[in-house]
Amino acid sequence: MARREFTPMVYAQIVHRASNAQGRLTCEGCGLVLGRKAYHVDHTKPDGLEVDKTRKLTAEDGKVLGVECCHKPKTKTDVAQIAEAKRREAKHLGMTTRQPSRFPGSKASGLKKTIDGRVIDRATGEEIRR
Ligand SMILES: [Zn+2]
């Protein structure tokens, strides 16, 4: 489903809430007075993590973030969180793409190389080659 957007009314409510007593817009992430600086009304909870996408967005679902001070760093975190959630779900469903390391000589290779140069199968203890 497409990413939900804030309605103009909800958007205005968020911007109003983020304005200080002097009517200046402030960043709700760090409190910086934004003035004319670029800002973004951010989804407090990344939309990719939202389960019920039919629920209407309210002013509680968004906050004003300065683009430079908070929005750019947060976007990176969101992407990482969504990727992590997808990995967890894939693992839960029994899908895995990660293979054990086959780096020669690692324990996962199943082989052991002795100090005198022989290669031994860890499972059977048999020598593979000289
Ligand atoms: Zn900020």
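Here the structure is shown first, and the text comes after it.
A few points on the structure. What you see is a predicted model; the values in this text were computed from it and never measured.

**So, the overall build of the chain**
Thought 1: Secondary structure summary: the chain contains two helices and five strands in total.
Thought 2: Starting at the N terminus and walking to the C terminus, you meet the elements of the chain as α-β-β-α-β-β-β.
Thought 3: Split into buried and exposed, the 130 residues of the chain put 25% on the buried side.
Thought 4: For the chain, long-range pairs separated by at least 24 residues make up 52% of all intrachain contacts whose partners lie at least 6 apart in sequence.

**Topic: the coordination of the zinc ion**
Thought 1: In this structure, C27 (SG), C30 (SG), C69 (SG) and C70 (SG) serve as the protein donors to the zinc ion, at separations of 2.2 to 2.3 Å.
Thought 2: One can describe the site at the zinc ion as tetrahedral: its four donor atoms subtend angles covering 106 to 115° at the metal.
Thought 3: Positions of the donor residues of the zinc ion, expressed as sequence spacing, correspond to C-x2-C-x38-C-C. A residue pair is termed long-range when its members are at least 10 positions apart, and C27 in the loop between α1 (8-17) and β1 (39-43) and C69 in helix α2 (residues 67-92) qualify at 42 residues.
Thought 4: You can call C69 partly exposed: its relative accessible area is 30%.

**Concerning the pairing of strand β2 (residues 62-66)**
Thought 1: Burial analysis of β2 places four of its five residues in the buried class, the great majority of the element.
Thought 2: Of the pairings in the sheet, the one linking β1 to β2 comprises five bridges and is antiparallel in character. When the sheet's bridge partners are listed, Y39 is paired in β2 with G66.

**Quick look at the environment of E126**
Thought 1: With respect to the helices and strands, E126 occurs in the loop between β4 (119-121) and β5 (127-129).
Thought 2: Under the relative-accessibility criterion, E126 is labelled exposed at 54%.
Thought 3: Sequence separation between E126 and L111 is 15 residues; the distance between their C-alpha atoms is 9.8 Å.
Thought 4: Beyond its immediate sequence surroundings of up to four residues, E126 is in contact with V119, I120 and D121.

**Some details on the side chain of D42**
Thought 1: With respect to the helices and strands, the residue D42 is situated in strand β1.
Thought 2: A distance of 3.4 Å separates a polar atom in the side chain of D42 from a polar atom in the side chain of H71.
Thought 3: Residues within four places of D42 in sequence aside, it is in contact with F6, D61, G62, K63, L65, H71 and K74.

**Focus: α1**
Thought 1: Here α1 has its buried residues at V10, I14 and V15. For α1, the buried positions fall inside an angular range of 135° around the axis, keeping them on one side. Facing away from the buried side of α1, by more than 90 degrees, are the exposed residues P8, M9 and H16.
Thought 2: Those residues of α1 that are buried are in contact with β1 and β2.

Cut-off values and rules
Residues numbered from 1 in each chain as written. Predicted model: local features only at pLDDT ≥ 70, side-chain atom pairs only at ≥ 80, totals over all residues. Heavy atoms only, no water. Helix = DSSP H or I, 4+ residues; strand = E, 2+ residues; numbered from the N terminus. Buried < 20%, exposed > 50% of the residue type's maximum accessible area, 1.4 Å probe, protein only. Contact = heavy atoms within 4.5 Å. Donors = N, O, S within 2.8 Å, 3.2 Å for Na, K, Ca; no water. Tetrahedral: all angles 85-135°; square planar, octahedral: opposite > 155°, others 65-115°. Pairing = 2+ DSSP bridges. Polar contact = N/O pair within 3.5 Å; in protein donor to acceptor, adjacent residues only side chain to side chain. Arc of directions from axis to C-beta.

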